[in-house]
Amino acid sequence: MTDTPAPADEVGPRAAPGRTGTAGLWNIANILTMVRLLLVPGFVLLMFAEDGHDPAWRSVAWAAFTVAMITDLFDGELARRRNLVTDFGKIADPIADKAIMGAALICLSALSDLPWWVTVVILVRELGITLLRFWVIRHGVIPASRGGKAKTLTQGIAVGMYILALTGPLATLRWWVMAVAVVLTVATGLDYVRQAIVLRRAGLARNRTADGGRDSR
């Protein structure tokens, strides 16, 4: 969730483009975002406690990750419904979203629990979409899609399962959940690129038409 034009993978923006509330910095939506940001370094420390493979510490790390993901669901919803959008939220919310997921993926790969290529694919996709968002920001907003929402949910579940010290059938299940998450990550990323190109072409066409109309006067 973010207050800037949202890519297709996000659950929902904090507010519609152009709408900014007059709420102060210390509102419930921003506090939840701050909590998520503060959880990131603590989560990393928990992941590497006792060489990073102690089941008890991994369970605590999972709890911190789960709290962070829950705040991600609620801060944008609260900001949108209660008109609590601030400039801080516009910047901090997307940073917090990427920080907790990125930290989890990098920790898992550093601990050899998750192949590095999975982490690279997901992070490159997320960072690439963020850059692409600014490429088309002048031309409009790409609405959230069902595929994007499914990707976000599946990623959260898969990473959460990898954080836990699972064995047996559950360890096998998390591999398949992560596989689905990777497929959705790539598929929705390609779809976002397609939509961004279409949106930009339409915007450029409108600009050329407007310029032609002014020149003919």
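Everything numeric in this text was worked out from a predicted model, so none of it was measured.

1. Some thoughts on helix H5 (residues 146-163)
Taking 1.5 Å as the rise per residue, H5 with 18 residues should run 26 Å; its terminal C-alpha atoms sit 26 Å apart, in good agreement. Those residues of H5 lying buried are Gly148, Lys151, Thr154, Gln155, Gly156, Ala158, Val159, Gly160, Met161, Tyr162 and Ile163.

2. Notes on the pattern of salt bridges
The full count for this structure, using the stated rule, is 5 salt bridges. Arg36 is the salt-bridge partner of Asp97, the closest N and O atoms lying 2.6 Å from each other. In this pair, Asp97 is assigned in helix H3 (residues 87-110) and Arg36 in helix H1 (residues 28-47), connecting sequence segments 61 residues apart. For the pair shown, Asp97 and Arg36 are each scored as buried. One salt bridge connects Asp191 with Arg194, and the closest N-O pair in it is separated by 2.9 Å. Of this pair, Asp191 and Arg194 both sit in helix H6 (residues 169-215), separated by 3 residues, roughly a single helical turn. On the accessibility criterion, Asp191 (26% relative accessible area) is partly exposed. In this structure Arg194 comes out as partly exposed when scored by relative accessible area, which is 48%. Here the residues in one salt-bridge network are Arg125, Glu126 and Lys151, joined through shared partners.

3. A look at the environment of Asn83
Looking at the secondary structure, you find Asn83 in the loop between helix H2 (55-82) and H3. As for Asn83 and Ala29, which are separated by 54 residues in sequence, their C-alpha atoms are 9.9 Å apart.

4. Let's talk about the packing of aromatic side chains
Here the distance between the centres and the angle between the planes together describe a pair of aromatic rings. Scanning all chains against the criterion turns up 2 aromatic pairs. Their ring planes at 40° and their centres at 6.1 Å tell us that Phe43 and Phe65 sit as a pair that is tilted. Placement of Phe43 in helix H1 and of Phe65 in helix H2 is noted, with a sequence separation of 22 residues between them. Here Phe43 and Phe65 have matching classes, each one buried.

So, how was this worked out
Throughout, residues of each chain are indexed from 1 in the direction in which the sequence is written. Side-chain atom pairs in this predicted model are given and counted only at pLDDT of 80 or more, local residue features only at pLDDT of at least 70, and totals for whole chains, interfaces and linings cover all residues. To obtain the side-chain values, all non-hydrogen atoms of the structure were used and water was disregarded. Where helices and strands are cited, they refer to DSSP runs of H or I of at least four residues and of E of at least two residues respectively, numbered from the N terminus. Expected span of a helix, by definition, is 1.5 Å for each gap between consecutive residues, and there is one gap fewer than residues. Type-normalised accessible area, obtained with a 1.4 Å probe on protein chains alone, sets the label of each residue: buried when under 20%, exposed when over 50%, and partly exposed for intermediate values. In the sections that follow, a salt bridge refers to a side-chain nitrogen of Lys or Arg positioned within 4 Å of a carboxyl oxygen of Asp or Glu. A pair of aromatic rings is counted whenever rings of Phe, Tyr or Trp (Trp by its six-membered ring) have centres within 6.5 Å, and the orientation is called stacked for planes under 30 degrees apart, edge-to-face for over 60 and tilted otherwise.

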